[in-house]
Amino acid sequence: MTRPSSPAPEEPGAPDRGATSEDRRTVTVPRRALLGSALASVGGAAVAGFAGGHLLAGADVAAADPAPAEASDVVSPFGAHQAGIATAQQRYATFVAADVTVTDAAALRRLLVDLSATVALITRGEEPPPSPMFPEGAATPTDFATGLSPARLTITVGVGARVFDLPGLAREVPRRLRPLPAFSRDHLDPRWGGGDLIVQICADDAQVVSAAMRALRARLPGQAVIRWTQSGFLSTPRDGGTPRNMFGQKDGTSNPRPDSGAFADTVWALPDEPAWFAGGTYLVFRKIRMKTANWDLTARDVQDAVIGRRRADGSPLTGEQEHDQPDLEATGADGATVIAPDAHIRRVHGFSMLRRSYSYDYGFLTAMAGGSPDPLEQPEHHVHAPGTEDHHHGGHGKLDVGLLFCAYGNDPDNQFVAAQQRLDEHDALNEFIQHTGSAVVAILPGFGEAGHLGDTLV
Ligand code: HEM
């Protein structure tokens with residue numbers, strides 16, 4: 001893929017849908033010389049009014065960074081689908097939910113154009129576009145990341161149902177965008193749910209994620225108000241295999257592979273969706289606490305039975321290798337199925353979705369700040385092995401550690417919702433987890449170098 005050579009039209013044209021995931025991997029990355037052309041291209045409409053002193057100030061600051069970004073550190077944001085879904089999972093992520101304060105479709109478009117210009121630049125390690133937010137000569141919000149590689153930064157944007165109520169927005173709501181039903185075991189904190197916009201920011205460097213978050217946040221004043229953020233990380237096993245979650249389990253084994261037909265069939269918008277949504281998908285986001293203290297006090301064979309796979313190597317209890325197919329019918333000497341009726345993988349077997357989740361560890365901070373629901377465990381009821389020193393503390397559930405569970409799929413009702421209803425009814429894992437945050441959005445289709453995020457929508 002080459003850099004944009006001609007300015008984009010003011011109005012959204014036909015986006016470049018030709019780019020493939022192949023293109024994303026190999027982008028040549030010239031540095032500062034691109035600033036002007038990228039601004040003229042993706043964000044032309046948004047930044048036209050901000051040119052002049054601010055543009056020069058931005059260029060001056062950036063000129064101090066001579067290091068070119070390696071092509072392998074850059075994931076192109078352009079293509080038929082947004083980056084950050086089929087992209088091999090990066091090590092760190094922040095999820096930002098915001099409520100839009102724009103009052104019509106034209107203003108929404110300006111916001112999306114501006115975000116696109118920012119995304120186009122920062123994902124290749126450039127300074128964000130100038131903004132009237134920053135006085136002339138001021139540092140930019142990404143200055144603290146100067147000299148860092150973009151570290152495969154991707155930014156993925158979704159919109160919630162309320163956005164479609166904006167006056168002037170003529171496009172149909174994606175057919176499957178609706179609030180999730182309540183689940184009986186939900187323990188949702190409204191401070192960690194909802195949002196008109198959800199932005200997933202991922203990179204292999206936590207500081208780059210943070211810089212990107214600040215750069216994007218700087219575009220929001222007067223357009224949108226941040227509602228919540230969540231930040232997570234992914235383990236990197238020595239063998240390069242499936243990451244482990246905070247229970248030490250290999251998590252993601254049975255995900256569809258990005259290059260497979262199953263992935264496309266599971267993730268990308270179905271043909272009966274509105275035409276503008278082609279190439280989009282849905283994201284169901286759940287903040288799930290994992291009661292690590294209870295888990296750590298549970299015998300290994302019980303842990304294995306809870307999931308139906310061995311924690312050590314991720315193999316199903318009926319097989320030997322991680323990728324062996326679980327045999328749900330196999331019985332043991334006692335006549336009972338080897339994979340128990342309430343084993344997690346039995347309960348959700350056959351529900352397709354892309355789980356692109358991140359672990360989180362907020363320590364005791366959010367619990368102590370009232371940010372966690374009351375712990376379910378009562379200190380007087382908890383059990384330790386015989387011989388444990390007599391002790392008391394605030395309860396095992398104070399530690400806020402868990403999973404930022406992300407399910408991408410083209411049919412949330414028949415994928416996430418149906419699976420969660422099964423889990424809600426009966427799942428050995430329920431004893432160890434608690435859903436505390438929730439959101440669902442339609443992830444916008446991809447966009448081309450001459451277009452912008454949501455250019456088929458508005
Ligand atoms: C903290 C909460 C959760 C933990 C720790 C967890 C853990 C796991 C583990 C270890 C596996 C087996 C390895 C793999 O295939 O990835 C698995 C599989 C799976 N999980 Fe979860 N999970 C959690 C929540 C959920 C939720 C909320 C859903 C959906 C509603 C879900 C859906 C699935 C599915 C569809 C599979 C694949 C099952 C198969 O066909 O083999 N999980 N999970």
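For the protein chain, the helix and strand inventory stands at 12 helices and nine strands. Burial statistics for the protein chain: of 458 residues in total, 55% are counted as buried. Taking all contacts inside the protein chain whose residues are at least 6 apart in sequence as the whole, residues at least 24 apart take part in 83%. For the protein chain, the accessible area works out to roughly 19,700 Å², and carbon and sulfur atoms hold 54% of it.

What follows concerns helix H5 (residues 105-122). Relative to the 26 Å expected for 18 residues at 1.5 Å per residue, H5 spans 26 Å between its end C-alpha atoms, a close match to the ideal helical length. By the criterion of burial, H5 is predominantly enclosed, with 16 of the 18 residues buried. Structurally, the start of H5 carries an N-cap: the backbone nitrogen of Ala106 is 3.3 Å from a side-chain oxygen of Asp104.

With that settled, consider the pairing of strand E3 (residues 197-203). Burial of E3 is extensive: seven of the seven residues sit out of reach of the surface. In E3, alternate side chains face the same way, and those of Leu197, Val199, Ile201 and Ala203 on one face and Ile198, Gln200 and Cys202 on the other are all buried. Examined bridge by bridge, strand E1 (residues 92-100) and E3 share seven bridges and lie antiparallel to one another. Pairing of Tyr92 across the sheet is with Ala203, part of E3.

Residues Gln415, Phe416, Val417, Ala418, Ala419, Gln420, Leu423 and Asp424 constitute the buried set of helix H12 (residues 413-425). Residues of H12 that are buried make contact with helix H7 (261-267), strand E5 (281-290), helix H10 (344-348), strand E8 (401-409) and strand E9 (433-443).

This paragraph deals with the packing of H5 against helix H6 (residues 206-217). Taken N-terminus to C-terminus, the directions of H5 and H6 make an angle of 155°; their axes are 10 Å apart at the nearest point. Relative to H6, the element H5 lies roughly antiparallel. The chirality of how H5 crosses H6 is right-handed. Judged by residue contacts, Leu115, Thr118, Val119 and Ile122 of H5 engage Ala212, Ala215 and Leu216 from H6.

The subject of this paragraph is the coordination of the iron atom of the ligand. Within the protein, just one atom coordinates the iron atom of the ligand: His344 (NE2), at a distance of 2.1 Å. Along the chain, His344 turns up in helix H10.

So, about the side chain of Gln230. Tracing the backbone shows Gln230 in strand E4 (residues 224-233). The class of Gln230 is buried, set by a relative accessible area of 1%. A polar contact is formed between the side chain of Gln230 and the side chain of Tyr362, at a distance of 2.6 Å. If we ignore the near neighbours within four places in the chain, the residues touching Gln230 are Ala93, Thr94, Phe95, Trp192, Phe285, Lys287, Tyr362 and Leu404.

Take the site of the ligand next. By nearness alone, 27 residues border the ligand, and Gly252, Thr253, Ser254, His344 and Arg355 come closest of all. Here an oxygen atom of the ligand sits 3.2 Å away from a polar atom, N or O, in the side chain of His349. For the shell around the ligand, the elements supplying multiple residues, two or more each, are E5, H10, E8, H12 and E9. In terms of residues, the shell around the ligand owes the most to one element, H12, which gives four residues.

Our focus in this paragraph is the pattern of salt bridges. Tallied over the entire structure, the rule returns 18 salt bridges. Where Arg176 meets Asp411, a salt bridge forms, and the shortest distance between an N and an O atom there is 3.7 Å. Here Arg176, found in the loop between strand E2 (154-159) and E3, pairs with Asp411, found in the loop between E8 and H12; they are 235 residues apart in sequence, far enough to count as distant. For the pair shown, Arg176 and Asp411 are each scored as buried. For Asp251, the salt bridge identified is with Arg355, shortest N-O distance 3.2 Å. On the criterion of sequence distance, the pair formed by Asp251 in the loop between E4 and H7 and Arg355 in strand E6 (residues 354-355) is long-range, its members being 104 residues apart. On the accessibility criterion, Asp251 (28% relative accessible area) is partly exposed. By relative accessible area, which is 23% here, Arg355 ends up partly exposed. Connected through shared salt-bridge partners, Arg175, Arg176, Asp272, Glu273 and Asp411 make up one network.

Estimates place the volume of the second largest pocket at around 310 Å³. If you trace the second largest pocket, you find 20 residues lining it, with Pro179, Leu180, Gly194, Ala439 and Val440 closest to the centre. For the lining of the second largest pocket, the element with the highest residue contribution is E9, accounting for three residues. The residue inventory of the lining of the second largest pocket, partitioned by class, reads nine nonpolar, four polar and seven charged.

Turning our eyes to something else, we now look at the nonpolar core. Ranked by internal contacts, the top residues of the largest apolar core, which has 46 residues, are Leu108, Leu153, Ile155, Phe164, Leu169, Ile201 and Leu444. Contributing elements (two or more residues each) for this core: E1, H5, E2, E3 and H6. Sort the elements by how many residues they give to this core and H5 lands first, with nine residues. Sequence-distant contacts of Leu108, that is, excluding residues within four places in its chain, are made with Val102, Val163, Leu166, Leu169 and Val458.

The rules behind the values
Residues numbered from 1 in each chain as written. Predicted model: local features only at pLDDT ≥ 70, side-chain atom pairs only at ≥ 80, totals over all residues. Heavy atoms only, no water. Helix = DSSP H or I, 4+ residues; strand = E, 2+ residues; numbered from the N terminus. Buried < 20%, exposed > 50% of the residue type's maximum accessible area, 1.4 Å probe, protein only. Contact = heavy atoms within 4.5 Å. Areas by Shrake-Rupley, 256 points an atom, 1.4 Å probe, with all protein chains shown as cover. Expected span 1.5 Å × (residues − 1). Polar contact = N/O pair within 3.5 Å; in protein donor to acceptor, adjacent residues only side chain to side chain. Pairing = 2+ DSSP bridges. Axes fitted to C-alpha atoms, helices over the stretch in contact; angles between N-to-C directions. Parallel < 35°, antiparallel > 145°, perpendicular 65-115°, else oblique. Left-handed = near helix turned anticlockwise from the far one by under 90°. Donors = N, O, S within 2.8 Å, 3.2 Å for Na, K, Ca; no water. Near = heavy atom within 4 Å. Salt bridge = Lys/Arg side-chain N within 4 Å of Asp/Glu carboxyl O. 1 Å grid on protein atoms, 1.4 Å probe; cavity = no way out; pocket = protein on both sides within 12 Å on 5 of 7 lines; lining within 4 Å. Points joined across faces, edges and corners; volume = space filled by probe spheres on them. Nonpolar A, V, L, I, M, F, W, Y, C, P; charged D, E, K, R; others polar. Core = buried A, V, L, I, M, F, W, Y, C linked by side-chain atoms within 4.5 Å.

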